[in-house]
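Below are the chains, spelled out letter by letter.
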Amino acid sequence: MSRLNDHFRGAARVLGFVALVLGVGAVFALIEPRFLSHASLSGIARHMAANGLAALGLTFVVIVRKFDLSIAGIAAFAAMSMGALIAAGLPLWAAIMGGLALGAVLGAISGIAISYFELPDIVTTIAVGSICGGLAFLYTGGRSIFQNFFQSGITDLNDARLLGLGVSLWILLAVYAAAWFVMSRTRTGMAFYATGENPVAAHFSGIATRRFVALAYVLCALCTVLAVLLILAESGNAETNKGANLMMPAYAGVFLGAAVMGGTSVVATFGGILLITMLLDGFALMGVPYYYSDGVVSLILLGGVIAFSDSLREWITGLGLLRPRAARKSENRA
Amino acid sequence: MATPVLTASDVSKRFGPVQALRGVDFHVGPGEVHALLGINGAGKSTFIKILSGIIQKDGGTLTVAGREVHFRTPEDAIRAGIATVQQHPELVADMSGLDNIFLGRETAGRGLFARIDRAALEARAEALLARFAVPLDLRQEVGQMSAVEREAVAILQALAVDGIRVLILDEPTSTLTEVEREDLFALMNQLKTRGISIIYITHQLEEVFAIADSFSVFRAGTCVARMSVAEARESRVSLAELMLGEAVGDVFPPKAGAPAGEALLELEGLGRPHEFTDISLQARRGEILGIFGLVGSGCDELSKTIFGALPAARGTIRVHGREVALRSPRAALDAGIFLVPGDRRSEGLALSRPALFNVPLANLRRASGGFWALRRGRLRRDAQELTRQVALHPPSLTTPASGFSGGNQQKIVLAKGLYSEADIYIFVEPTVGVDIGARAKIYAQMRALARTAAVVVISSDCDEVHGVADRTVALHKGRLVAPGARGFSRDDLLMAGIMGEVAA
């Protein structure tokens, strides 16, 4: 009985989300018919792939109740590093491996500092991010890297198609599927959630909470590297500002998804980032300048989180209590 | 009898489908200490929240000194003369007692920059202390104070407003030692002689006879009995029976019938500087070992050392006869030791998660198969079975742990322990904040566990330790006080824990 109820409630939230996505899509389509064009939709899919990977990484960190503000810095450093490796003539796979290895090291630095040495998460990740932002200028002094890009085949990640969908979208779906399985179907996922819910109780349950906090930062950095890789593939060159627009959509996606779905999860982040990407691309299509995009995303984030917050719900139900005076009286008599 | 200072008649309150209170009639006279009794879920808390203006009643009337009142906010209640001290008073730890008492009421002036007149504050504090002679240094930081001193600060804070006639104390003794409790009772008696009425919530039934003049019993959302303590004594009413609505047997289950088996846990010369020294103990299969110690005696640290959460500086721990190095709770769990921690909310449970999440946490290996994948069907069946075994109420696997009463939260921790398949169970303060009905069930579970495992109960409640354990020792200032060959009587155990001496 209660089990059915839970399923029903979960399904209702998913349906609500789908309705929200369809509603937003319909509004954009009415205002700007080009929104539903093939070019626009495949653009959304591409942008969603990059935004979605960064948001997924952040999801792990938010699940253990921490913050990571180094995403932009790590993205920039990883972009220039992979660009330099490609320019040096290394094969694409080696450049990607190099980028991932760099991400793992950077994530581990933040993660170990925060979990084992108990440094404050926000300060630590701002520091790591800023250092990375500076190191991004190491290779060229800030000039764009594009040598060997076309020969390396990196642009195929953006252009190639598989069963009618872009390769980048397949990468996104594969990584999300793996993350969903780990987080909601394995004991590793339970350990992540337990660490975030109550680290002391998790420790007393024999869970290596520090290890999971550190791991969350490593995963976040790895996802950030994959996200910026897709951005390099789309633009065909590496620049120091490549990761600058990853962070705000990632936060917006994670928290908006959590607000709508009632908790942070891989599925919630997927929905959240879909919504955010649609809104971003839709506004861009309507001619809203790109430099407003962070502002727009932040506005949506605040609005969404407030709209789905418990206190607003209580306030609304509070209004509802004023309604059926007669009904309540009869209940009291019963 | 004098006219009541506070009267409630026909008060009702509904939360969604739940009728939390119906037709509650209640009154308390001037200078009366009135105990409010009831098991968790009986409606005490809801009623108190209505009296203190935190929530609003749906129907019925409240009168203070004969005048009808309507409370929309806690401020309304305070203005009408009703002050409440919550179960865990919210005090600012690194401010002095004085600053806490007048927090937010430092000055009559308005605005951000209104000047605080310290001399005037101190004079007001002096006046308060003159009215209620509490041995308390108000210049001390609250964080440095003992539990009873903090309670006194919270009470003075409540009384700092002029015209308080009724003081509500929500389980003030739950964190106090027996000695501290006497201090609190002395303070309550003083308040009483100043004409202040006290409504007092407690789960400790013997306290009713020690301090209260009268009491009301709540059951299933209504007040089922109100009588004076003298009447109750005369007619030999059973409070527990009134609360539960049925006759209760002994709270404590019978002691072990068979002699204890082999030693599963052996401590030898265990010590940590400034906490406890030279602890040598054995816990055997088939028995419950009780350790009685006051707050600060080292009990909590000892339990955490056995569980691997604190390193032992000296001594050895043997499990199943083999020496083990317990470097982490993981190592202890692997050795078969499970700790039911003293603070289940912060140490035992993921509160926003349901039983289905909490039960398997200490043994995730059992819950998963290849690729660490959870075996969800089996996990659900096991959790269902275990929550049924511990009589979780309501028997829901999907309600967040925070939605259960204290006793039922403890049952979830217990189910988690059963799932971990340990054979050494350590219970720390197992029934703090647990009502009498659930308490009996938890003791029965311990006895059931002890049939196949070793159970250690560590508590600052002497009656609990003596009542449930087959063999008892006391911990006094970090030293073990062991009885002679015949074991401790209840009074000897109390003496040993408080004074550190074995009666001749």
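Each chain has its residues counted from 1, following the order in which its sequence is written. Working convention: letters from A go to chains and numbers from 1 go to ligands, in the order in which they are written. Only residues with pLDDT of 70 or above have their local features reported here, since the model is predicted, and side-chain atom pairs are shown and tallied only from 80 upward, although totals for entire chains, interfaces and linings are computed over all residues.

Asks: Explanation requested: the overall build of chain B in the structure shown.
Replies: A helix here means a DSSP run of H or I that spans at least four residues, while a strand means a run of E at least two residues long, and both kinds are numbered starting from the N terminus. When you go through chain B residue by residue, the secondary structure sums to 19 helices and 20 strands. In terms of overall dimensions, chain B has C-alpha extents of about 70 × 55 × 50 Å along its principal axes. Here chain B, with 504 residues, has 46% of them falling under the buried criterion. Of all intrachain contacts in chain B linking residues separated by at least 6 positions in sequence, the fraction that spans at least 24 positions is 70%. With C-beta atoms placed from the backbone, a residue is buried if 20 or more other C-beta atoms are within 10 Å of its own, exposed if 12 or fewer are, and partly exposed between those counts. Whether two residues are in contact depends on their C-beta atoms, placed from the backbone: they are in contact if these lie within 7 Å.

Asks: Just checking my understanding: could you explain the overall build of chain A for this structure?
Replies: A tally of regular secondary structure across chain A gives 16 helices and 2 strands. Two things to know: the radius of gyration comes from C-alpha atoms, and the globule rule equals 2.2 Å times the number of residues to the power 0.38. In summary, chain A has a C-alpha radius of gyration of 22 Å against a globular reference of 20 Å for 334 residues, a match within 12%. Across its three principal directions, the C-alpha atoms of chain A cover 85 × 55 × 35 Å. Expressed as a percentage of the 334 residues in chain A, the buried residues total 46%. Taking all contacts inside chain A whose residues are at least 6 apart in sequence as the whole, residues at least 24 apart take part in 76%.

Asks: I tried to follow the UniProt feature "domain: ABC transporter" (unreviewed entry) in chain B on my own but got confused; where do I start?
Replies: UniProt positions are given in the numbering used here, feature names are shortened, and annotations may be inferred rather than shown by experiment. UniProt records the feature "domain: ABC transporter" (unreviewed entry) at residues 6-245 and 259-502 of chain B, using the numbering of this structure. When the span residues 259-502 of chain B is considered, its composition is 36% helix and 24% strand, and the gap between its end C-alpha atoms is 25 Å.

Asks: In this structure, what is going on with the sheet that holds strand β12 (residues 276-284) of chain B? I would like to understand it.
Replies: Across a sheet, strands are paired by hydrogen bonds formed along the backbone, either parallel or antiparallel in direction. Residue and element names in this part refer to chain B. Only strands that DSSP links by at least two bridges are regarded as paired with each other. The 4 strands lie next to each other as β12-β11-β14-β15, forming an open sheet whose pairing is antiparallel. The open sheet has two free edges, formed respectively by β12 and β15 (322-324), since each of these has just one partner strand. Strand-to-strand twist of the sheet, defined as the mean angle between neighbouring strand axes without regard to direction, takes the value 20°. Pairing of strand β11 (residues 263-272) with strand β14 (residues 314-319) involves 5 bridges; the strand directions are antiparallel. Bridging across to β14, Glu266 finds its partner in Arg318. Angles run from 0 to 180 degrees between N-to-C directions of axes, and those axes are lines fitted to C-alpha atoms, restricted for helices to the stretch in contact.

Asks: Sorry if this is basic, but what is going on with the domain arrangement of chain B here?
Replies: Frequently, the measure chosen for interface size is the accessible area removed from exposure when the parts meet. Residue and element names in this part refer to chain B. Reported domain spans reflect what an automatic or database domain assignment gives. By domain assignment, chain B separates into domain 1 (6-244) and domain 2 (264-499). Computed over C-alpha atoms, the centres of domain 1 and domain 2 are 33 Å apart. With 10 residues of domain 1 at the contact, the number on the domain 2 side is 12 residues. For the side of domain 1 that touches domain 2, the element with the highest residue contribution is helix α9 (residues 239-244), accounting for 3 residues. Residues are grouped as follows: Ala, Val, Leu, Ile, Met, Phe, Trp, Tyr, Cys and Pro are nonpolar; Asp, Glu, Lys and Arg are charged; every other residue, Gly included, is polar. A breakdown of the residues in the side of domain 1 that touches domain 2 according to their chemical character gives 4 nonpolar, 5 polar and 1 charged.

Asks: Where do I start with the pairing of strand β6 (residues 82-85) of chain B in this structure?
Replies: Look at any regular strand and the pattern is simple: side chains alternate between the two faces of the sheet. Residue and element names in this part refer to chain B. Alternating positions in β6 separate into two faces, Ile82 and Thr84 on one and Ala83 and Val85 on the other, with burial throughout. Relative to strand β7 (residues 166-170), β6 runs parallel, the two sharing 4 bridges. Bridge assignment links Ile82 to a residue of β7, and that residue is Val166.

Asks: What should I look at first to understand the interface of chain B and chain A in this one?
Replies: Contact residues are listed per partner, giving 29 residues for chain B and 22 residues for chain A. Contributing elements (two or more residues each) for the side of chain B that touches chain A: β1 (6-15), α11 (329-334), α12 (344-348) and α14 (364-367) of chain B. Across the side of chain B that touches chain A, the residue classes tally to 16 nonpolar, 8 polar and 5 charged.

Asks: Got a minute to help me understand the sheet that holds strand β2 (residues 18-28) of chain B in this structure?
Replies: Residue and element names in this part refer to chain B. Pairing is antiparallel across the open sheet formed by 4 strands, whose spatial order is β2-β1-β4-β5. Each edge of the open sheet carries a strand with a single partner, namely β2 and β5 (67-69). Across the sheet, the mean angle separating the axes of adjacent strands is 30° when strand polarity is ignored. The sheet strands contacting helix α1 (residues 44-51) are β1 and β2, and the helix crosses β2 at an angle near 65°.

Asks: Is there a simple way to explain the environment of Asp68 of chain A in this structure?
Replies: Residue and element names in this part refer to chain A. Tracing the backbone through its elements, the reader meets Asp68 in the loop between α2 (38-63) and α3 (71-87). Exposure remark for Asp68: the 30 C-beta atoms within 10 Å place this residue in the buried category. In this structure, the C-alpha to C-alpha distance between Asp68 and Tyr251, residues 183 residues apart in sequence, is 9.6 Å. Sequence-distant contacts of Asp68, defined by excluding residues within four places in its chain, comprise Leu58, Val61, Thr125, Tyr217 and Cys220.

Asks: Help me understand the packing of helix α13 (residues 266-285) of chain A against helix α14 (residues 293-307) of chain A in this model?
Replies: To describe two helices that pack against each other, one gives the angle between their axes and the distance between the axes. All names here are of chain A. Their axes nearest at 11 Å, the elements α13 and α14 cross at an angle of 140°. Judged by the angle between their axes, α13 and α14 are oblique. As for how α13 packs across α14, the hand of that crossing is right-handed. Two secondary-structure elements touch here, α13 through Ile276, Leu279, Leu280 and Phe283 and α14 through Ser293, Val296, Val297 and Ile300. Here the contact of α13 with α14 is built from residues that sort into 7 nonpolar, 1 polar and no charged. Small angles under 35 degrees read as roughly parallel and large ones over 145 as roughly antiparallel, with 65 to 115 read as roughly perpendicular and the rest as oblique. By the definition used in this description, the sense in which the near helix is turned from the far one sets the handedness, with an anticlockwise turn below a right angle giving left-handed and a clockwise turn giving right-handed.

Asks: Mind showing me how you'd approach the nonpolar core here?
Replies: Nonpolar side chains tend to gather and get buried jointly when the protein is soluble and globular. For our purposes the nonpolar core covers buried Ala, Val, Leu, Ile, Met, Phe, Trp, Tyr and Cys residues that link as a set through C-beta atoms within 7 Å. By size, the foremost hydrophobic cluster in this structure holds 245 residues, and its most contacted members are Ala216 and Ala227 of chain A together with Ile337 and Ile426 of chain B. Residue contributions to this core peak at 21 residues, all from helix α11 (residues 209-235) of chain A. Inspection of this core shows a minimum of three residues originating in each of domain 1 (6-244) and domain 2 (264-499) of chain B. The residues touching Ile337 of chain B, leaving out its near neighbours within four places in the chain, are Ile306, Phe307, Val319, Ala332, Ala422, Ile424 and Ile426 of chain B.

Asks: I'm lost on the confidence of the model for chain B in this one. Help?
Replies: A low pLDDT means the predicted coordinates there should not be read in detail. Across the chain, each position has a pLDDT score giving the predictor's confidence in that residue, from 0 to 100. For chain B, the mean per-residue pLDDT works out to 86, and 96% of the residues sit at or above 70. Here the prediction assigns the complex a pTM of 0.79, and the interface score ipTM is 0.83.

Asks: What's the story with helix α5 (residues 147-159) of chain B in this structure? I'm lost.
Replies: For an α-helix the count is 3.6 residues per turn, leaving residues at separations of three or four pointing the same way. Residue and element names in this part refer to chain B. In this analysis, the expected span of each helix is defined as 1.5 Å times one less than the number of residues it contains. In a regular helix each residue adds 1.5 Å, so 13 residues correspond to 18 Å; α5 covers 18 Å between its end C-alpha atoms and thus fits that length. Burial of α5 is extensive: 11 of the 13 residues sit out of reach of the surface. Every buried residue belonging to α5 is among Val148, Glu149, Arg150, Glu151, Ala152, Val153, Ala154, Ile155, Leu156, Gln157 and Ala158, and all of these are buried. Structurally, α5 contributes buried residues whose contacts are with β6, α3 (97-101), α4 (118-131), β7 and α6 (178-193).

Asks: In this structure, what is going on with the confidence of the model for chain A? I would like to understand it.
Replies: Looking at chain A, the pLDDT average stands at 87 and 90% of residues meet or exceed 70. Across residues 321-334 of chain A, confidence stays below pLDDT 50; counting only partners more than four residues off in sequence or on other chains, it has 5 contacts.

Asks: When you look at the packing of α2 of chain A against α13 of chain A in this model, what are you seeing that I'm missing?
Replies: Residue and element names in this part refer to chain A. Closest axis-to-axis distance for the α2/α13 pair is 8 Å, and the angle between their directions is 140°. By the criterion of interaxial angle, the relationship of α2 to α13 is oblique. At the point where α2 passes α13, the crossing takes the right-handed sense. Counted together, Ser40, Gly43, Ile44, His47, Met48, Asn51, Gly52, Ala55, Leu56 and Thr59 of α2 and Val266, Thr269, Phe270, Gly272, Ile273, Leu274, Ile276, Thr277, Met278, Leu280, Asp281 and Leu285 of α13 form the full contact between these two elements. Tallied by class, the residues present in the contact of α2 with α13 amount to 12 nonpolar, 9 polar and 1 charged.

Asks: How should unusual backbone geometry be read in this particular structure?
Replies: Note: most residues except glycine have negative phi, and most peptide bonds are trans. Residue and element names in this part refer to chain B. The omega angle of the peptide bond from His393 to Pro394 is -5°, so this bond is cis rather than trans. Along the chain, Pro394 turns up in the loop between α15 (376-389) and α16 (406-419). Of note, Phe371 is a non-glycine position whose phi angle comes to about 55°, a positive value. Inspection of the secondary structure assignment puts Phe371 in the loop between α14 and α15. One non-glycine residue with positive phi stands out, namely Trp372, at about 60°. Its location among the elements puts Trp372 in the loop between α14 and α15.

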